[in-house]
Structure formats: structure tokens, C-alpha cells
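So you can see what is in the structure, the chains are spelled out below.
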Amino acid sequence: MSAVDTTTQNRNSSAIATLQYEKGRSNLSRSLGRLRRHRMALIGVGLIFFVFLFVLIGSLLIPESQSTFNMPARALQPPSAEYPFGTDVIGRDLLARVVYGGQISLFVGVTAVIVQMFVGTLIGLVSGYMGGVLDSVLMRFAEAMLSIPQLFLALIALRIFSDPTEFPDFTFMGRQYSATMIVIVFVIGLTSWMRVSRIVRSVVLSVKEQEYITSARSIGAGNMRIVLRHVLPNCFAPIMVSATLGVGSAILLEAYLGFLGLGVRNPTPTWGNIMGDANSYINQWYYWFFPAMFIMLTTLGINFLGDGLRDAFDPRSLR
Amino acid sequence: MTTYIIRRLLQAIPLLFIISFILFALTNSLGDPLAVFAESRQRPTAQAREEMRRRLGLDRPLLEQYVVWLIGNDWMLVDVQGNGMVMEPGTRQGVLRGDLGISFVTRRPAWTRIEERLPNTLTLMIPAYTITLILAVGIGVYSAIRQYTFVDNLITGASFFFYSMPIFFIALMTIYIFGVQFTKWDLPALPIGGTGDGSIGDLIVHMVMPIFCLVAIQLAAYVRFVRSSMLEVLGQDYIRTAHAKGLSEGRVVSRHALKNAALPLVTLVGLDLPFLLAGAVVTERIFAWPGMGRLFIESFERADVPVMMAILMLLCVMVVVFQILTDIVYTWFDPRIRF
């Protein structure tokens, strides 16, 4: 039994036909099969793959020092054979900055979503499974957090936790990073878990009264085992969908924060803080065009894939 | 129904207390608001600053500050020098009595700061939102009744495209093309920022680009929403019945489909409306538009806690109120839902 089967009554006839045809396969492989036939999702995967290759191969070809090496004499040069994306206001190679900034932006996007999913799932599971006072307290808290615009919340939290004396730069694998990079991961993750926890909670509520939970309990399974083995797997599909779309919003939020000059600090480049620097140089189109383009390609790919996943996991939406 | 409304209102009260406490705790951790005086020309002495800190209650524990913020301190004495020598009655009335506090920066009531900026934000956001809604319903319905045609695929693709686009990208591109390049090509260029010289005509010219960007970004999400809720309704049996009894296509769409598809849209609009007050932080920044978003960033950068709290609380109260209103309006529109 899973979320897919509990919706039997709502299925329309064509979906029933597809499901019968696919009988004998697991839900996951059925879903992946549907995903493979989803043209938009494939385009999405292609875009994400392209961006990944760009930041990966780019970092193999261009040394990291290139992204922080500045030479004011060559400031604000338009794209040329030597600097395909031009140079920024203090003469740093923008191609190198977009490559290395992209790594950070993608890293922030993915890890922030891991934090978000972990916290959201945990709170959703506890809230839905335990019920009672704990449930109402946690859900009121989630509601309160949801009423505050996320950008404002993130700005304030970021300011509180980005004191450079408390969070100094650190070096990892020979590269120097600003600690704001780690702070921003948690700020984005901890300001966006609320919707996930609501989704997980509603799945838990619908699952926990089912017979197989009762039978698991009657053969002596503890709460922990029931939650992890029998309840959590039902949340897989909605978590996957919101995690995928979440990466897109996390990258966008990082970009907005960086654009407002409050994101990850120097020396670490990100697409967002390159945009923030470029804000005053609208005339130099190459300064802002390339990072913004990569932000857009990434979120576009992620939204295509996320939409495809939603269709694939939810047979009701097959029309 | 009345009991339902009363219950919702009663539930909203603890929620607003939780929100206000979260916000109060966060904004008060932002750093020393008196730091702005350290760089001002008439730098107060250390003692004067200490007295100011005590008058503002910044030396007290957070919980006490929160209570003072809520109900004021005009009923108690403030020990200005910290040694019991000078006891002054407090001057604040508290948020519950309508006193949002004095801005640390301008030394005027926080509410006057909002009063100055809110009209600017609304002149930008209301037209932008209205245009978005009208276009979204038109395009979304058209797209849904021509599902999987070339035009529908084009619209769906374009809305994905704009939905994924960060607003600064489209804003910088429009400024670059219509502001910068048009001047170079000797075409009539649009102004790239500000609100103009005060005349209505000039204001409208300045509004063109920000509104274009806001509409382009918001429209995508709304078109997708209208299209999918329209498709959902068009698949219903009563639509087939309406067709079967010989109604014209236009009548089926406008009378039977759109009315039902508009219901979820009401919810979405109701939940989005309060956020218009927040303005568009990024858009206002790019176009140098003196609205609420800019005000928030300005007060944020100077740790002007009373103004930040005023903006955030105004927003959150509106969010909570609109959530209740949306639910009430929804039941009013949809006779199937009863409490």
C-alpha cells in the first residue's frame, strides 16, 4: 500500500489502463517509467546536466586562483577571446567567477534543501504521529513562520549569524571560503521547512490509521520502527517533489540575498553576489548577464524536472 | 458561520503573539541600534548614550522589552542613570494601544515612516497586480481550452521560462534595452529609476518598466495556476452535460467552467494580497523606487528595530486577517462548503 494505491477511487479510466498494463512493477519503477516519457522532465535533466558539466569542467580547466585574482588595469573589459565573459570591476575573470560561483550556488541550493527536508520531515513526522499538544504547538509555530515573508526572515537571520569575528573564513581542500556560505545554508533551510512539514504531516495522518500500522503494532513493533519502516516511505514521493523544486527556490533565494549585498561574502563568489556587484554596472551587460543566465538555466531545469516528478508520482495528474 | 468566524478570530490572537515574539527576538538581536550615533556628527558622550539606552529599555532582558513593546511603559518608572537617582516615567504606550515606537534613525514615530512609503508601494503594486490578474485569467483560460495546441505549448513554455527567471535578470535587461541602448540609438528611452518630478505623466512614465517586470514575473505563476484549475474543471461531468444540452462553447466556458475554476484563484489572490504591502524588495531596489521594500532594507541596514517591527507586524497582521477573509469569502462563493 502506498499513496499511489490509496487514490484508487479518484483515478480516471486512462490511468487505470496504464496501471494495469504496468502491473507487477514497483511503484518507484512505474514512476520512473512515467518520468522517462515526460518530455519536459528530460529537458530539465538536460539543463541541469549542462550546468553541472559547466561548473565541473570549468573548474578543471581554469585554476581557482583565477576567480579571485584581481588586476584593476583590466577592469570591465567586454567579452574577448581571452576573457569570454569579460572582467569585473576590479579586473577579475568573470568566466572563472561564474564557474566557481556556480559551484557555491549549487552547493548552497542542494545542502539548504537537505537541511530543509530533514527539519521539515522530522517536524512533520513528530507532529503527525504524536498528535495532541505537541502537534498543535509545532503547527502553530510553522504557521507563524509561514506568515512572515521568507526574504525578510532570511535577511534578519543572516545578519544575526554573519558576524565575521564569530564566523571567520575557513580553508577547505586548499580553497578559502567565507563562513557565511555555511550560515546561508542553514538560514535558507531553517526558513523554508514549514511547507514540507505540513505535507509530511498530512501524509502521516492519512497513513497512521491504516490496518497495516495496527498489525505492525500488534506484532510488537515500536514507534521508531513503525515511523521509519512503515510511515516514512509513504512520504517519499511528496518529499522528492518538494525537494527538487526546493533546490530551485533555494538557489533563487541565495541569488536575491546576494543581489541585495547580504549573501555569501567575499572571497567566495556565488552567482548571487556577482549579481550584487554588477547591480551598479548596468551598462556593462556581460557583468550581470552571464551569472543571471546560469541562475535562470538552473532554476528552469529544476522546475521542469520537479513538474515532471510531480506528474510521475501522482497518477491522478495524468490526463 | 458566525461561530466559525469568531473561532478563527480567537485562534488568530495567539498566532499573532507567537509571530510578534519571534520577530521581536530576531530584530532585537540585529546589533546595537545606538551604533548609528557613534558615526553621527554630534556624537553623544558615553554617559548620554548609556542614558539613551536605559530610556529605550535596551538594558533590560528581552522578555521585559517585549512586554514593554506590547503594553508600553508609561505606568512604570525608568531608572535613567542606573543608580536609582533619576526615576522618570516611561513614555511608550505599546503596540496594543497603537504606539509602534519611535524610529531610532529619524526620531519620529515609526508609523509616519510607513505612511510616507506605503502610497508609493501601492501605486506600483496595485496596477501591476491588476494587470497580472486580468492577463492571467485571459491567457490561462485560452491556454486551457486549446490544450496541447501550438499556442498552449508556447504559453506553457513561456510561463515556465518567466517563472524560473530571477526578477533582477528581467529588470536589468529591460533597463539595458529600453533605458541604456535606446538612448544610444536616439530612440525615446524610458527613465531607469525613481518616481519622476512629481507630475502624474512623469510618474506613469517611471512606472512602465517596474510594472512590466513585476507583471512578467508574477504572470507566469498565475497563468499556470489558472490553466491547471481550468483544465480540472473542464474535465468534470457537468461541463459535458452543459455541452450536451447544446450550450455554446463561450457560454460553457464563461458560465460553467470559469466560475468554478475561479474559486481556487480567489484563495490564491487572498493569500497573496497582503504581500503587496511588502512591496518588491528587489524591484524597488533596482528601480530606486521609494517604497516599503526599500524602507525595510534601509531600516534593516541601520538596525532601526521599531520601524522594522512596524513593517513586519503590519504585514503579518494583514497575512493573518486575509487568511481568515479568504476562508470566509470562499464559503460565500462556494455553496458546497458549509460550517
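Here's a quick rundown of the structure. As the structure is a prediction and not an experimental result, all values here were calculated from the model. (Residues numbered from 1 in each chain as written. Chains lettered and ligands numbered in written order. Predicted model: local features only at pLDDT ≥ 70, side-chain atom pairs only at ≥ 80, totals over all residues. Heavy atoms only, no water.)

**Here's the deal with the overall build of chain B**
Across its full length, chain B carries 13 helices and 2 strands. Radius of gyration (C-alpha) of chain B: 26 Å, far over the 20 Å computed for a compact globule of 339 residues. With the C-alpha coordinates aligned to their principal axes, the bounding extent of chain B is approximately 90 × 65 × 30 Å. Counting the 339 residues in chain B, one finds 43% classified as buried. A total accessible area of about 16800 Å² is found for chain B, and carbon and sulfur atoms account for 65% of it. Computed over 29 positive and 26 negative side-chain charges, the separation of the two mean positions in chain B equals 6 Å. (Helix = DSSP H or I, 4+ residues; strand = E, 2+ residues; numbered from the N terminus. Rg over C-alpha atoms; globule rule 2.2 N^0.38 Å. Buried < 20%, exposed > 50% of the residue type's maximum accessible area, 1.4 Å probe, protein only. Areas by Shrake-Rupley, 256 points an atom, 1.4 Å probe, with all protein chains shown as cover. Lys, Arg positive; Asp, Glu negative; His and termini not counted. Charge placed at Lys NZ, Arg CZ, Asp CG, Glu CD.)

**Focus: the overall build of chain A**
The secondary structure content of chain A amounts to 15 helices and 2 strands. Within chain A, the fraction of its 319 residues that count as buried is 55%. Sequence-distant contacts in chain A: of pairs separated by 6 or more residues, those separated by 24 or more amount to 72%. Total accessible area on chain A is roughly 14500 Å²; 65% of this is exposed by carbon and sulfur atoms. (Contact = heavy atoms within 4.5 Å.)

**Examining the pattern of salt bridges**
Considering all chains together, one arrives at 14 salt bridges over all chains under this definition. Measuring nitrogen to oxygen at the nearest pair gives 3.8 Å for the salt bridge that ties A:D88 to A:R97. Judged by its relative accessible area of 1%, A:R97 is buried. The partner of B:R108 in a salt bridge is B:E116, with the nearest N and O atoms 2.8 Å apart. Taking relative accessible area as the criterion, B:R108 reaches 37% and is therefore assigned partly exposed. Take B:E116: its relative accessible area is 37%, and that puts it in the partly exposed class. What emerges from the salt-bridge pattern is a single network uniting B:R113, B:R117, B:R294 and B:E298. (Salt bridge = Lys/Arg side-chain N within 4 Å of Asp/Glu carboxyl O.)

**A few points about the nonpolar core**
Of all hydrophobic cores here, the largest spans 184 residues; its most connected members are A:I156, B:F168, B:I286 and B:F296. The dominant element in this core, judged by the number of residues it contributes, is helix α6 (residues 94-130) of chain A, at 17 residues. Ignoring any residue separated from it by four or fewer positions in sequence, one finds B:I286 in contact with A:F259, B:F168, B:A171, B:L172, B:I175 and B:I192. (Core = buried A, V, L, I, M, F, W, Y, C linked by side-chain atoms within 4.5 Å.)

**Concerning the packing of aromatic side chains**
This model, assessed by the stated rule, comprises 29 aromatic pairs over all chains. Ring geometry for A:F152 against B:F296: centres 4.1 Å apart, planes inclined by 10°, an arrangement best described as stacked. Remark: B:F296 occurs in helix α12 (residues 292-301) and A:F152 occurs in helix α8 (residues 150-160); the pair is interchain, linking two chains. Each member of the pair, A:F152 as well as B:F296, carries the same accessibility label: buried. Grouped by ring-pair contacts, the aromatic residues A:F50, A:F54, A:F85, A:W271, A:W285, A:Y286, A:F289, A:F290, A:F294 and B:F169 constitute a single cluster. Above the ring of B:F300, the side-chain terminus of A:R159 is found at 4.6 Å from the ring centroid. Its end group placed over the ring of B:Y163, B:R224 keeps NZ or CZ at 5.0 Å from the ring centre. (Phe/Tyr/Trp six-rings, centres within 6.5 Å; stacked < 30°, edge-to-face > 60°. Lys NZ or Arg CZ within 6 Å of the ring centre and 35° of its normal.)

**Details of a positive patch on the surface**
Residues and elements named next belong to chain B. A cluster of like positive charges, contributed by K245, R251, R255 and K259, occupies part of the molecular surface. Tracing the chain through its elements places R251 in helix α10 (residues 249-277). Owing to a relative accessible area of 40%, R251 belongs among the partly exposed residues under this scheme. (Patch = residues over 30% accessible without salt bridge, like charges linked within 9 Å, V, L, I, M, F, W, Y side chains within 5 Å.)

**What to know about unusual backbone geometry**
Residue and element names in this part refer to chain B. For Y148, which is not a glycine, the phi torsion comes out positive at approximately 65°. Taking the relative accessible area as the measure of exposure, Y148 reaches 53% and is therefore exposed. You will see that A288, though not glycine, has its phi angle at about 50°, which is positive. Take A288: it is sitting in the loop between α11 (281-286) and α12.

**Brief notes about the side chain of B:S229**
All names here are of chain B. As for its position among the elements, S229 is in helix α8 (residues 200-234). Of the residues examined, S229 reaches a relative accessible area of 10% and is grouped as buried. From its side chain, S229 meets the backbone oxygen of A261 in a polar contact 3.2 Å long. The residues contacting S229, other than those within four sequence positions of it, are A261 and P264. (Polar contact = N/O pair within 3.5 Å; in protein donor to acceptor, adjacent residues only side chain to side chain.)

**Regarding helix α14 (residues 271-278) of chain A**
Burial analysis of α14(A) places 7 of its 8 residues in the buried class, which makes it a mostly covered element. Buried positions along α14(A) lie against α4 (39-61), α6, α13 (236-259) and α15 (285-313) of chain A together with α7 (167-184) of chain B.

**Let's talk about a nonpolar patch on the surface**
Residues and elements named next belong to chain B. A surface patch of nonpolar side chains, about 770 Å² in accessible area, is lined by I6, L10, I13, F17, V67, I71, W75 and L96. If you list the elements that add at least two residues to the nonpolar patch, you get α1 (2-27) and α4 (62-71). Examining the composition of the nonpolar patch, we find that 4 residues originate from one element, α1, more than from any other. Considering the arrangement of structural elements, one finds I13 in helix α1.

**Considerations on the environment of A:L95**
All names here are of chain A. Positionally, L95 belongs in helix α6. The exposure class of L95 is buried, given its relative accessible area of 15%. In the structure, L95 is positioned 216 residues away from D311 in sequence and 37 Å away in space, judged by C-alpha atoms. Sequence-distant contacts of L95, defined by excluding residues within four places in its chain, comprise F54, I62, P84, F85 and G86.

**Regarding the interface of chain A and chain B**
The interface is formed by 40 residues belonging to chain A together with 44 residues belonging to chain B. Summed over the shared surface of chain A and chain B, the result is 1 salt bridge. A:D307 is the partner of B:R224 in a salt bridge, and the nearest nitrogen-oxygen pair spans 3.0 Å. Remark: the boundary between chain A and chain B carries 4 residue pairs in polar contact (both at pLDDT 80 or more). Elements supplying a minimum of two residues to the side of chain A that touches chain B: α7 (132-147), α8, α13 and α15 of chain A. Of the residues forming the side of chain A that touches chain B, the biggest block, 13 residues, is contributed by α15(A). The residue makeup of the side of chain A that touches chain B, split by class, is 29 nonpolar, 5 polar and 6 charged. (Nonpolar A, V, L, I, M, F, W, Y, C, P; charged D, E, K, R; others polar.)

**Re the packing of helix α5 (residues 110-145) of chain B against α12(B)**
Relative orientation and spacing of two packed helices are given, respectively, by the angle between their axes and the distance between those axes. Residues and elements named next belong to chain B. Across the interface, α5 lies against α12 with an axial gap of 8 Å and an inter-helix angle of 140°. What the angle tells us is that α5 and α12 run oblique. For the pair α5 and α12, the contacting residues are R113, I114, R117, L118 and T121 in the first and M292, R294, L295 and E298 in the second. Residues of the contact of α5 with α12, tallied by class, amount to 4 nonpolar, 1 polar and 4 charged. (Axes fitted to C-alpha atoms, helices over the stretch in contact; angles between N-to-C directions. Parallel < 35°, antiparallel > 145°, perpendicular 65-115°, else oblique.)

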